[in-house]
Amino acid sequence: MEISDGKAVHIDYTLRNDKGYVLDSSEGREPLAYLHGAGNIIPGLEAALTGKVPGDKLSLSIPPAEGYGERDDGLVTTVVLALFPEPEKVQLGMGIRVQAEQGVRPATVIAMVGGKVTLDMNHALAGQTLHFDVEVMDVKDASEEEQAHGHVHGAHGHAH
Ligand code: ZN
């Protein structure tokens, strides 16, 4: 069965950055299950998988625009440390959630100087070209429930 919108797809994958460093992989885990056409995975990967069948292997390099987007300096902001609910717990490099105009967003603390904290709300992989090795493991029709939810449910029933 070919991959098309509305299919529940299982893939094995390894993701590397430009330097060949492995950022993420399904190796040693269950394959990644996603609902094709629902935006569960980045656009460049979803587009490349369309029409593929189980056993197909792909190696692709996905530019930022088709991945997690370009870095946006407008998403870097500096705030006063004392405004945090628990300022003593804030550390360099830590991931936190912040209330932004667009809603709650994940951010990373990238600098702490003079009672001020600089937060980066860009996705950690924004601006990066992503190198994927992917193998299609399984393709089947998604259930009506999965299509209604916009994601694939686990092998052991509804888990949420
Ligand atoms: Zn669900």
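In this text the structure is predicted, and so the values were computed from the model without any measurement.

Colleague: Just to check I follow, could you spell out the side chain of His153 for this structure?
Modeller: Along the chain, His153 turns up in the segment after helix H2 (144-149). Of the polar contacts made by the side chain of His153, one reaches the side chain of Glu145; its length is 3.4 Å. Among the polar contacts made by the side chain of His153, one reaches the side chain of His149 at a distance of 3.1 Å.

Colleague: Is there a simple way to explain the packing of aromatic side chains in this structure?
Modeller: Aromatic rings considered in pairs are described by the distance between their centres and by the relative angle of their planes. For the coordinates displayed, the defined rule picks out 1 aromatic pair. Look at Tyr13 and Phe132: their rings are 6.5 Å apart centre to centre, the planes differ by 50 degrees, and that puts the pair in the tilted class. Residue Tyr13 is located in strand S1 (residues 7-16), and its partner Phe132 is located in strand S9 (residues 130-141); the two are separated by 119 residues in the primary sequence.

Colleague: In this structure, what is going on with the pattern of salt bridges? I would like to understand it.
Modeller: Tallied over the full model, the rule gives 6 salt bridges. Notably, a salt bridge pairs Asp141 with Lys7, separated by 3.0 Å at the nearest N-O pair. Taken together, the residues span a long stretch of sequence, with Asp141 in strand S9 and Lys7 in strand S1 at a distance of 134 residues. Look at Lys7 and you get buried, because its relative accessible area is 13%.

Scoring rules and cut-offs
- Residues numbered from 1 in each chain as written.
- Predicted model: local features only at pLDDT ≥ 70, side-chain atom pairs only at ≥ 80, totals over all residues.
- Heavy atoms only, no water.
- Helix = DSSP H or I, 4+ residues; strand = E, 2+ residues; numbered from the N terminus.
- Polar contact = N/O pair within 3.5 Å; in protein donor to acceptor, adjacent residues only side chain to side chain.
- Phe/Tyr/Trp six-rings, centres within 6.5 Å; stacked < 30°, edge-to-face > 60°.
- Salt bridge = Lys/Arg side-chain N within 4 Å of Asp/Glu carboxyl O.
- Buried < 20%, exposed > 50% of the residue type's maximum accessible area, 1.4 Å probe, protein only.

Function cannot be inferred from these measures alone, as they are strictly geometric.
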